[in-house]
2 protein chains.
Amino acid sequence: MEFPSKLIENAVGELSKLPGIGRKTALRLTLHLLKADTETTSSLAEALAKMRFEITYCRTCHNISDTEECSICANKLRDHGTVCVVSDIRDVIAIENTGQYQGVYHVLGGVISPIEGIGPSDLHIDTLLTRIPDSEIKEIILAISPTMEGDTTAFFLSRKLREFPDVHISTIARGIPMGGELEYADEITLGRSIVERQRQAK
Amino acid sequence: MEFPSKLIENAVGELSKLPGIGRKTALRLTLHLLKADTETTSSLAEALAKMRFEITYCRTCHNISDTEECSICANKLRDHGTVCVVSDIRDVIAIENTGQYQGVYHVLGGVISPIEGIGPSDLHIDTLLTRIPDSEIKEIILAISPTMEGDTTAFFLSRKLREFPDVHISTIARGIPMGGELEYADEITLGRSIVERQRQAK
Ligand SMILES: [Zn+2]
Ligand SMILES: [Zn+2]
């Protein structure tokens, strides 16, 4: 596809680098911005740049946060004895939206994937292990998508967590379809799978 | 959907204003940008802002252009005796991609739509009419999507063009499905519909 303007070409090129956006869609979005007032584009460009350059992560749970400690960790009304371990911030958002969970989180930042070259040291596993001693943590829920990489990660974690015999390890209840991504689960299924979580045998 | 960060919330909010992008997709795009290096976001934000604020239009045909005269109008090898009238810059791109058309263009900037409050004076019809006298224009092809609004626009134009009895008026050949949008036509159909255009009776 050839464009009559380098400016259009660049905009389409950058937009079509985004996942799921092809060149036709990128052109459609570009022409939409061109028809809308300039404010629409400047707001979008500024929001993206601000998000990317100013974002910070909670020092405790690695959730995205505008402050040093995220609003979940800072909330005294949450159950700080229960930590839900997820791979991704998307999962935090999905579980929060169920309104079924009152504990806190730990965001790994991915799953173990030998194919993509992601090993345990690339994830926030060390901070999970150092977070437990001298804390009020009584239970750790492994809420990791039941994919092959997710299962590998959960297996690795439950091995590591054996060094804390007083901490119960659970996995979210079956109900999430096997091989399914957590974030696509409907709220009822996901909420129930948290409530009916299964305690794991040591 | 609640977000743990105002920065994320703003980015998702701005992205989901784009046509065809819901909040789930917007979140996915935002988290993709967050995982990618900062360069990815700054390039995208800059390309969009630059495109929106620096874009100019060809003074002759209203095609998008980085210069006062677009590359098609400036090309001496094109047939300046044939003008293809389209509603939108998307249509110029689509027709150019067929490689079947050697003439020049005139971009109306929309179609007559009483429902959306778009009348003839909101389109670049006046510049089309002033462009004809003392020019080498021999034929005007009305390449407007055969929708109700498109047909109304074509009818209005062919009436106006009666004041130039020496200029032939054609419409693109049948082949574009009725009610179909020009830009979705495959290249072969669209290319043939230009070559086999139908001269309109006066
Ligand atoms: Zn936190
Ligand atoms: Zn031009």
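For every chain, the first residue of its written sequence is number 1, and the numbers climb from 1 along that sequence. Each chain gets a letter, beginning with A, and each ligand a number, beginning with 1, in the order they are written. Thresholds applied to this predicted model are a pLDDT of at least 70 for local features of residues and 80 or more for the giving and counting of side-chain atom pairs; totals over whole chains, interfaces and linings are not thresholded and use all residues. Calculation of side-chain values draws on the structure's entire complement of heavy atoms; hydrogens and water are dropped beforehand.

Chain A has the name Recombination protein RecR in an unreviewed UniProt entry, where Hymenobacter persicinus is given as its organism. UniProt positions are given in the numbering used here, feature names are shortened, and annotations may be inferred rather than shown by experiment. UniProt, in the comment section headed Function (unreviewed entry), describes chain A in these words: "May play a role in DNA repair. It seems to be involved in an RecBC-independent recombinational process of DNA repair. It may act with RecF and RecO." In its Sequence similarities (unreviewed entry) section, UniProt records this for chain A: "Belongs to the RecR family."

Turning our eyes to something else, we now look at the overall build of chain A. Counting from the N terminus, the helices are DSSP H or I runs at least four residues long and the strands are E runs at least two residues long. Helix and strand counts for chain A stand at 7 helices and 7 strands. Taken from N to C terminus, the helices and strands of chain A fall in the order α-α-α-β-β-β-α-β-α-β-α-β-α-β. In terms of overall dimensions, chain A has a C-alpha envelope of 65 × 35 × 35 Å along the principal axes. When each of the 202 residues of chain A is scored for burial, the buried share is 51%. Considering only intrachain contacts with a sequence separation of at least 6, the fraction spanning at least 24 residues in chain A is 55%. Working definition: with a 1.4 Å probe on protein chains only, accessible area under 20% of the residue-type maximum means buried, over 50% means exposed, and in between means partly exposed. Contacts are assigned to residue pairs with any non-hydrogen atoms lying within 4.5 Å of each other.

Another aspect to go through is the relation of the copies chain B and chain A. Copies of the same chain, two in number, are related to each other by a rotation about an axis and a translation along it. Copy-to-copy superposition: least squares on the C-alpha atoms, limited to residues that have pLDDT of at least 70 in both copies. Rotating chain B by 180 degrees and moving it 0.0 Å along the rotation axis overlays it on chain A with an RMSD of 0.1 Å. Expressed as a symmetry operation, the mapping of one chain copy onto the other fits a two-fold axis. Nearest to the rotation axis, the C-alpha of A45 of chain B is located 2.2 Å from it, this being the minimum over chain B. Here 100% of the interface residues in chain B have copies in chain A that are interface residues too; the copies meet face to matching face.

Owing to its 3.6 residues per turn, the α-helix brings residues three or four apart onto one side. Residues and elements named next belong to chain A. With 13 residues, helix α6 (residues 148-160) should cover 18 Å at 1.5 Å per step; its first-to-last C-alpha distance of 19 Å lies within 8% of that length. Taken residue by residue, α6 has G150, T153, A154, L157 and S158 as its buried positions. Relative to the axis of α6, the buried residues are bounded by an arc of 130 degrees and lie together on one face. Exposed side of α6, more than 90 degrees from the buried face: M148 and F155 are the residues found there. In this structure, the buried side of α6 is in contact with β3 (79-86), α5 (126-131) and β5 (139-142). For a helix, the expected span equals 1.5 Å multiplied by the residue count minus one. Here the arc refers to the directions that run from the helix axis out to each C-beta atom.

Here we take up the environment of P133 of chain B. With respect to the helices and strands, the residue P133 of chain B is situated in the loop between α5 (126-131) and β5 (139-142). For P133 of chain B, a relative accessible area of 40% gives the class partly exposed.

What follows deals with the interface of chain B and chain A. Across the contact, 57 residues belong to chain B and 57 residues belong to chain A. The term buried area means the drop in 1.4 Å probe accessible area that two parts suffer when joined, counted for both and summed. Here chain B packs against chain A, burying approximately 5,300 Å² in sum over the two surfaces, 71% of which is carbon and sulfur. By salt bridge we mean one thing: a side-chain nitrogen of Lys or Arg within 4 Å of a carboxyl oxygen of Asp or Glu. Across the chain B-chain A interface, the total number found is 2 salt bridges. For the salt bridge of D88 of chain B with K35 of chain A, the shortest nitrogen-to-oxygen distance reads 3.7 Å.

With that settled, the discussion passes to the coordination of the zinc ion (ligand 1). Residues and elements named next belong to chain A. Counted as donors are N, O and S atoms no farther than 2.8 Å from the metal, or 3.2 Å for Na, K and Ca; water is not among the atoms, and sites may therefore look incomplete. For the zinc ion (ligand 1), every protein donor is listed as C58 (SG), C61 (SG), C70 (SG) and C73 (SG), and the spread of their distances is 2.2 to 2.4 Å. The geometry test gives tetrahedral to four donors whose angles all lie between 85 and 135 degrees, gives square planar to four donors and octahedral to six donors whose opposite members are over 155 degrees apart with all other angles between 65 and 115, and gives irregular to the rest. Viewed at the metal, the 4 donor atoms of the zinc ion (ligand 1) are separated by angles of 104 to 116 degrees, and the geometry they form is tetrahedral. The sequence pattern describing where the donors of the zinc ion (ligand 1) fall on their chain is C-x2-C-x8-C-x2-C. Taken together, the positions of C58 in the loop between β1 (56-57) and β2 (64-65) and C73 in the loop between β2 and β3 put the pair 15 residues apart, joining distant regions of the chain.

It is worth spelling out the coordination of the zinc ion (ligand 2) at this point. Four donors placed tetrahedrally around a metal ideally meet at 109.5 degrees, and six donors placed octahedrally ideally meet at 90 or 180 degrees. Residues and elements named next belong to chain B. Distances from the zinc ion (ligand 2) to its protein donors, namely C58 (SG), C61 (SG), C70 (SG) and C73 (SG), fall within the range 2.3 Å. Written as a sequence motif, the donor arrangement for the zinc ion (ligand 2) is C-x2-C-x8-C-x2-C. Considered together, C58 and C61 belong to a single accessibility category, that of buried residues.

This brings us to the UniProt feature "zinc finger region: C4-type" (unreviewed entry) in chain A. Sites flagged by UniProt as "zinc finger region: C4-type" (unreviewed entry) map to residues 58-73 of chain A. Across residues 58-73 of chain A one finds 0% helix and 12% strand; the C-alpha atoms that close the span lie 8 Å apart.

Further remarks concern helix α1 (residues 6-15) of chain B. Residue and element names in this part refer to chain B. Within α1, burial applies to L7, I8, A11, V12, E14 and L15. Taken down its axis, α1 places every buried residue within 165 degrees of arc, on the same side. One side-chain oxygen of the residue at the start of α1 lies 3.1 Å from the amide nitrogen of L7, identifying that residue as S5. Any pair of N or O atoms that falls within 3.5 Å is considered a polar contact. Within protein, one atom must be able to donate a hydrogen and the other to accept it, and sequence-neighbouring residues count only if both atoms are side-chain atoms.

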